[in-house]
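Results of the structural survey
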Amino acid sequence: SKVKVAINGFGTIGKRVAIAINKQDDMVVSGIVKIKPDYNALFAKRMGMNIYTIDKEDANEFKKKGIEVYGTIEDLIKESDIIVDATPDGVGENYKKLYNKYGINSIFQGGEEANIADISFNALCNYDEAYGKKSIRVVSCNTTGLLRSICALSNLSKIEKVNAVLIRRGADPQEIKKGPINSIVLNPVGLPSHHALDVKTVIPWINISTAAVVVPTTLMHVHHVTIRFSNKVEKNDILEALMNSPRIILVDSAISGIQSTSQIIDSARLSKERGDINELVVFKDSITVDDNEVQFFQAVHQESIVVPENIDAIRASLELSSKMESINKTDKKLGINK
Ligand code: NAD
């Protein structure tokens with residue numbers, strides 16, 4: 001029988017994870033927790049997902065809009081094997097006690113402090129260490145992007161240092177009150193940015209520094225990454241390692257003409273559900289090797305890169321599959337291609 005997964009928070013990440021769960025053959029969404037009867041709640045209803053509220057009284061507002069409520073978050077937890085918390089940054093912390101009270105396994109997101117869970121997670125980098133852990137934190141979109149390329153290249157030669165500059169999107173497309181709308185914001189001014197520390201929550205052995213700016217766009221993040229190895233590396237080996245790694249796609253600008261995030265998203269809209277890109281996108285033509293150092297550009301679709309990681313985190317926590325079995329299953333069901 002399928003593992004029952006509860007979802008708390010049905011926003012950018014929560015709804016995508018819910019849709020992805022229902023595509024797997026070993027798990028199913030048992031219900032979602034909503035606080036407002038908005039368009040996302042109407043969508044969940046249409047998808048046949050059972051809706052739960054935080055308090056009993058909240059249900060009235062849903063009923064007024066014709067949305068049936070199946071109970072409270074506590075009722076949902078009792079019926080579920082694991083809960084994915086995709087509430088806003090820092091809010092998951094408030095629910096930790098409730099999850100612990102019922103002894104339910106939990107998956108948190110990157111907006112929470114690392115100490116919220118037993119382990120911070122990226123499937124390629126540390127699936128085996130997360131196996132059987134009661135609570136797992138899937139790191140943020142930027143950290144996931146950095147970890148994908150670093151772990152894919154870490155077998156080539158010892159990595160001495162990673163330096164990355166992150167050009168971050170200002171808001172997700174539906175966020176009407178976030179900015180900037182006319183600025184490049186140093187975020188933070190003091191270096192390194194927290195992303196370096198966040199990468200270390202998954203691979204503590206890495207020597208990494210990051211800097212980040214926020215710009216007025218909603219589509220994707222772009223990183224410029226420099227990796228220095230202890231030995232000389234060959235461009236072909238870099239290419240092969242990236243191509244052979246799951247969840248990384250190389251964009252060939254010379255062939256496709258793609259040199260921007262808007263063109264990546266436009267092309268994704270032709271072939272991918274919602275135009276989501278679960279893969280890390282590396283610009284093949286940017287990969288430049290100088291002796292023991294490689295530099296390249298990569299792009300991260302912030303709304304969807306962590307979706308497959310959440311699926312694998314569920315399997316790792318509940319000991320459903322081994323690492324490559326889980327990654328391959330997830331990728332096949334989500335149409336993640338190489
Ligand atoms: P979001 O604001 O799009 O969605 C959050 C959802 O939680 C909304 O449905 C909201 O109504 C609901 N919610 C708000 N307060 C709640 C509460 N007290 N109890 C229950 N539900 C509540 O947020 P998001 O962008 O999906 O982010 C969720 C988590 O995922 C954060 O930790 C974030 O850092 C992380 N994350 C976000 C992105 C991204 O780019 N959007 C990428 C990777 C990771």
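Quick look at the structure, then. (Residues numbered from 1 in each chain as written. Predicted model: local features only at pLDDT ≥ 70, side-chain atom pairs only at ≥ 80, totals over all residues. Heavy atoms only, no water.)

**Observations concerning the packing of aromatic side chains**
- Applying the stated criterion across every chain yields a total of 6 aromatic pairs.
- Relative to Tyr131, the ring of Tyr127 lies with its centre 6.4 Å away and its plane at 45 degrees, an arrangement referred to as tilted.
- Residue classification places Tyr131 among the partly exposed residues on the basis of a relative accessible area of 35%.
- Connected via pairs of aromatic rings, a cluster forms that spans Tyr95, Tyr99 and Phe108. (Phe/Tyr/Trp six-rings, centres within 6.5 Å; stacked < 30°, edge-to-face > 60°. Buried < 20%, exposed > 50% of the residue type's maximum accessible area, 1.4 Å probe, protein only.)

**Comments concerning the state of the cysteines**
- Inspection of every chain in the model, using the stated rule, returns 1 disulfide.
- The partner cysteine of Cys125 in its disulfide is Cys151, sulfur to sulfur 2.1 Å. When the S-S torsion is 120 degrees, as for the bridge of Cys125 with Cys151, the disulfide is right-handed. Here the residue Cys125 occupies a position in helix α6 (residues 123-130), and Cys151 occupies one in helix α7 (residues 141-153), the gap between them amounting to 26 residues.
- Its relative accessible area of 12% is what places Cys151 among the buried residues.
- Note on Cys141: no disulfide assigned, nearest cysteine sulfur contributed by Cys125 at a separation of 15 Å. (Disulfide = S-S within 2.5 Å. Helix = DSSP H or I, 4+ residues; strand = E, 2+ residues; numbered from the N terminus.)

**Focus: the pairing of strand β6 (residues 105-108)**
- Of the two faces of β6, the one lined by Asn105 and Ile107 and the one lined by Ser106 and Phe108 are each fully buried.
- In this view, the connection linking strand β5 (residues 82-85) to its parallel neighbour β6 by way of helix α5 (residues 92-102) has right-handed handedness.
- With 3 bridges connecting them, β6 and strand β8 (residues 135-138) associate as parallel partners. Across the sheet, the residue bridging to Ile107 is Ile136, located in β8. (Right-handed = clockwise from strand over helix to strand, strands pointing away. Pairing = 2+ DSSP bridges.)

**Quick look at the sheet that holds β5**
- With parallel pairing, 8 strands are arranged side by side in an open sheet as β4-β3-β2-β1-β5-β6-β8-β7. One side of each edge strand has no neighbouring strand; the edge strands of this open sheet are β4 (69-72) and β7 (119-121). Each neighbouring strand pair of the sheet contributes to a mean axis angle of 30 degrees, computed without reference to strand direction.
- Taken together, the 2 bridges between strand β3 (residues 51-53) and β4 define a ladder with parallel strand orientation. Of the residues in β4, the one forming a bridge with Ile51 is Val69.
- Here α6 sits on the sheet in contact with β7 and β8, set at roughly 145 degrees to β7. (Axes fitted to C-alpha atoms, helices over the stretch in contact; angles between N-to-C directions. Contact = heavy atoms within 4.5 Å.)

**Considerations on helix α8 (residues 194-202)**
- Taken together, the buried positions of α8 are His195, Ala196, Asp198, Val199 and Val202. End-on, the buried residues of α8 take up no more than an arc of 165 degrees, which puts them together on one face.
- Buried residues along α8 sit against β7, α6, β8, α7, β9 (159-169) and β11 (208-215). (Arc of directions from axis to C-beta.)

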